Amino acid sequence: MTNKEPKKIVIIGGVAGGASAAARARRLDETSSITLLQSGPDVSYASCGMPYYIGGEIVDRAVMSVQTPQSLRDRFNIDVHVNCRALHIDKDKKLVAAKDEVTGEQSEYAYDELILALGAEPLKPPIPGIDRPGLFKLRTLQDMDDIFAWIQDKQVKHCVVAGAGFVGLEMVEQLVRKNIKVTLVEMASQVLGPLDPEMAAILHKECEKHGVEVIVGDGIAKFSPAEGDDDFASVLELQSGRKIPKAEMTILGLGVKPDTLIAKEAGLEIAPRGHIVVDNQLKTSVPHIWAVGDSVLVRNPILSRNGKDVTWAVPLAGPANRQGRMVADIIYGRQRRYKGTYAASVVRVFGYVAACVGINEKMLKAEGLPFSVVHVHPGSHAGYFPGAKSINLKLMFDPNDGHVYGASAVGEDGVEKRIDIISTAIQGNMTVHDLADLELCYAPPVGSAKDPVNIAGMAAQNVVDGLVKQIDWKELKELQDHPDIDVVVIDVRNPGEVKNGVLVPNAINIPLNNLRDRMHEIPKDKQVILSCQSGQRAYYAYRILAENGYDNIRNLSGAYKTYSAVQ
């Protein structure tokens, strides 16, 4: 049963979560009063599309406004107040005090149910010179318009992008599209933190291929005025002392923090990093107040196993939209539970797409969980059909029961499709054995009889079943740094492949088809590491040696393709 008693619903914040909650609430009940308060002039806009408008791929400015205040009023009968900043929540009287940002007039709004869609705001660390002209954040359509106008008015030739996250990489791509020289600066040791280093390295090289100067492991220490007539340009000094030449513009993508001061002042439970704590119905610690979107701490369903309850913050548009819809359902009596956020994400970087879901290797190490990893490099569709592209696919899983922790993929075609499949499998509590057995669409132009997801599942299944032992690229690098450790590396590629790229200097080349005849060259009393181009032939070699009494052998996960990416 649903409860259709008229309600006074007030929503602070629009965009994804707030606008979704408002529209869903109206679809469920025509009698309730629904009021939406939004700071700034835009209530529901395509924030994820802003880099592409700046770069010129999206040419119509009007499409960036998904819903206008007037369209929400006309279609959904929602009382929308833009340029209206919420100042205070009186949780006892159930009142919201707000201020008109244009006139300064203050008003109060009574509520039965209050939904907070407060979002996140860009980080602005206390770096000397950070308030100089030409330094931009990208959060709102006004920020987008300011950047667009600045590029034209100042005839920007060089831009620094500070921060190599999703938005930073999108801005890099779009600025290069406008023939602007770009320097990308990232304080961490790699671009795109949700990926592990060997996957991120592919994007790093793709940026450099397109003329981008990529600087990692170095943060910005100071912004200074450039010499000459361009008083709006800046010279950036990095923490290492290195100076970046004059840039007419800098995009600040240094991360975000939850915009939750009003919630904290109202007495809601707030996590140490500022996020609002909610339960599995997105209720806050205060009755009749709900929270959705980038400002909330949600359940991590992948790590919440065996009695553990793990939370995390995932600022993504998809979860925010679904959370807003769900809160409206619950308010009107529908039994819904938010099972958590799985962090399925994707970005295009020039000719490559990178996508990931779940938990990466860095997080698994931090959690101290048992895990194994496989790297595979299958084609995006049948190899005999023209145009197939290699997908670099990494799968993380529990070596004991095959529970899937996460996956990431980088490639030119078919990447997001495979991560979407694995995301669905994780949400269905499938194991690597299920991935190996999934039935998926196949026709030569679009897939393979063994889909890349099947291949990743089969490779992981072999690990769980004890058919292969692995070594990863980091371990091999460590062994190469310690020549005193007696290890034999066997490369089973063909000689022509080895000529095009040597795995390690001391590797012995025994092509797979010659392995049985040359097995006597491989010692049984030493550690043996097997590799090939992508991993498949090395696995075949492993099984041949294992069946012939070798027990001190390991297969290099991902083989040459993965190992060479991080060299």
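Keep in mind that this is a model prediction, so the values were computed, not measured. (Residues numbered from 1 in each chain as written. Predicted model: local features only at pLDDT ≥ 70, side-chain atom pairs only at ≥ 80, totals over all residues. Heavy atoms only, no water.)

A.B. asks: Which parts of the structure should I look at to understand the overall build of the chain?
C.D. replies: Helices and strands together make up the secondary structure of the chain, namely 16 helices and 33 strands. Relative to the 2.2 N^0.38 estimate, which gives 24 Å for 567 residues, the radius of gyration of the chain is 27 Å and therefore close to what a compact globule would have. When the backbone C-alpha atoms are referred to their principal axes, the chain occupies close to 85 × 70 × 45 Å. Out of the 567 residues belonging to the chain, those deemed buried represent 53%. For the chain, long-range pairs separated by at least 24 residues make up 64% of all intrachain contacts whose partners lie at least 6 apart in sequence. Here the chain displays about 25300 Å² of accessible surface, and carbon together with sulfur accounts for 49% of that area. Between the averaged position of the 63 positive side-chain charges in the chain and that of its 70 negative side-chain charges there is a distance of 2 Å. (Helix = DSSP H or I, 4+ residues; strand = E, 2+ residues; numbered from the N terminus. Rg over C-alpha atoms; globule rule 2.2 N^0.38 Å. Buried < 20%, exposed > 50% of the residue type's maximum accessible area, 1.4 Å probe, protein only. Contact = heavy atoms within 4.5 Å. Areas by Shrake-Rupley, 256 points an atom, 1.4 Å probe, with all protein chains shown as cover. Lys, Arg positive; Asp, Glu negative; His and termini not counted. Charge placed at Lys NZ, Arg CZ, Asp CG, Glu CD.)

A.B. asks: Got a minute to help me understand the sheet that holds strand E13 (residues 181-186) in this structure?
C.D. replies: What holds strands together in a sheet is hydrogen bonding between their backbones, with the strands either parallel or antiparallel. On the basis of which strands lie adjacent, the open sheet formed by 5 strands has the order E11-E18-E12-E13-E14 and parallel pairing. The sheet terminates laterally at strand E11 (135-136) and strand E14 (213-216), the two strands that pair on one side only. As paired strands, E13 and E14 are joined by 4 bridges and run parallel to one another. When the sheet's bridge partners are listed, Glu186 is paired in E14 with Val216. Strand contacts of helix H4 (residues 141-153): E11 and strand E18 (249-252), with the helix running at about 160° to E18, the strand carrying the most contacts. (Pairing = 2+ DSSP bridges. Axes fitted to C-alpha atoms, helices over the stretch in contact; angles between N-to-C directions.)

A.B. asks: Just to check I follow, could you spell out the nonpolar core for this structure?
C.D. replies: Note on soluble globular proteins: their nonpolar side chains tend to be buried together. Counting residues in hydrophobic clusters, the biggest one holds 108 residues, and the most contacted among them are Ile12, Ile89, Leu116 and Leu395. For Leu395, the residues in contact, after removing those within four places along its chain, are Ser372, Val373, Val374, Val404, Gly406, Ala407, Ile422, Val432, Leu435, Ala456, Gly457 and Ala460. If you look at the next biggest cluster of nonpolar residues, it comprises 47 residues, including Ala164, Leu175, Met249 and Ala354. (Core = buried A, V, L, I, M, F, W, Y, C linked by side-chain atoms within 4.5 Å.)

A.B. asks: In this structure, what is going on with the packing of helix H1 (residues 17-28) against helix H8 (residues 317-331)? I would like to understand it.
C.D. replies: Relative orientation and spacing of two packed helices are given, respectively, by the angle between their axes and the distance between those axes. Interaxial distance between H1 and H8 falls to 7 Å at its minimum, and their mutual angle equals 35°. The hand of the H1/H8 crossing is right-handed. Here Gly17, Ser20, Ala21, Arg24, Ala25, Arg27 and Leu28 of H1 lie close against H8, whose contacting residues are Ala320, Asn321, Gly324, Arg325, Ala328 and Asp329. Across the contact of H1 with H8, the residue classes break down as 5 nonpolar, 4 polar and 4 charged. (Left-handed = near helix turned anticlockwise from the far one by under 90°. Nonpolar A, V, L, I, M, F, W, Y, C, P; charged D, E, K, R; others polar.)

A.B. asks: How should the packing of aromatic side chains be read in this particular structure?
C.D. replies: The relative placement of two aromatic rings is captured by the distance of their centres and the angle of their planes. One pass over the structure, following the stated rule, counts 4 aromatic pairs. Seen in terms of ring centroids, Trp150 and Phe232 are 5.8 Å apart; in terms of plane orientation they differ by 85°. Their pairing is edge-to-face. Of this pair, Trp150 sits in helix H4 while Phe232 sits in the loop between strand E15 (220-225) and strand E16 (234-238); the two residues are 82 residues apart in sequence, bridging distant segments of the chain. By relative accessible area, which is 15% here, Trp150 ends up buried. (Phe/Tyr/Trp six-rings, centres within 6.5 Å; stacked < 30°, edge-to-face > 60°.)

A.B. asks: Sorry, what's going on with a negative patch on the surface here?
C.D. replies: On the surface, Glu412, Asp413, Glu416 and Asp420 cluster together into a patch of negative charge. The residue Glu416 is located in helix H10 (residues 415-427) in this model. Judged by its relative accessible area of 37%, Glu416 is partly exposed. (Patch = residues over 30% accessible without salt bridge, like charges linked within 9 Å, V, L, I, M, F, W, Y side chains within 5 Å. Salt bridge = Lys/Arg side-chain N within 4 Å of Asp/Glu carboxyl O.)

A.B. asks: Before we go on, may I ask you to explain the pattern of salt bridges in this structure?
C.D. replies: Side-chain pairing between opposite charges can occur once the charged atoms of the two side chains come close. Applying the stated rule across the entire model yields 28 salt bridges. Its salt-bridge partner being Arg242, residue Glu213 comes within 2.3 Å of it at the nearest N-O pair. Within this pair, whereas Glu213 is found in strand E14, its partner Arg242 is found in the loop between E16 and strand E17 (243-247), the two being separated by 29 residues in sequence. Take Glu213: its relative accessible area is 28%, and that puts it in the partly exposed class.

A.B. asks: I'm lost on the sheet that holds strand E8 (residues 106-110) in this one. Help?
C.D. replies: Strand order in the open sheet formed by 3 strands is E6-E7-E8, with antiparallel pairing between adjacent strands. The strands lining the two open edges of the sheet, one partner per strand, are strand E6 (84-90) and E8. Between one strand and the next, the sheet's axes are offset by a mean angle of 25°, whatever the strand orientation.

A.B. asks: Help me understand the side chain of Asn555, please; the structure alone is not making it clear to me.
C.D. replies: Along the chain, the position of Asn555 falls in strand E33 (residues 553-556). For Asn555, a relative accessible area of 6% gives the class buried. Filtering out sequence-adjacent residues up to four positions away, Asn555 remains in contact with Val468, Lys469, Gln470, Ile471, Leu530, Gly535, Ala538, Tyr539 and Tyr542.

A.B. asks: Where do I start with helix H12 (residues 452-464) in this structure?
C.D. replies: Side chains of residues three or four places apart in an α-helix project in the same direction, reflecting 3.6 residues per turn. Here H12 is 13 residues long and its end C-alpha atoms lie 18 Å apart, about the 18 Å a rise of 1.5 Å per residue gives. Every buried residue of H12 is listed here: Pro452, Val453, Asn454, Ala456, Gly457, Ala460, Asn462, Val463 and Val464. Tucked into the core, H12 has its buried residues touching strand E26 (372-376), strand E27 (391-397), H10, helix H11 (432-437), strand E29 (470-471) and helix H15 (536-547). One side-chain oxygen at the N-terminal end of H12 lies 2.9 Å from the backbone nitrogen of Val453; it belongs to Asp451. Taken from the residues just after H12, Gly466 is the one with a positive phi, measuring 75°. (Expected span 1.5 Å × (residues − 1). Polar contact = N/O pair within 3.5 Å; in protein donor to acceptor, adjacent residues only side chain to side chain.)

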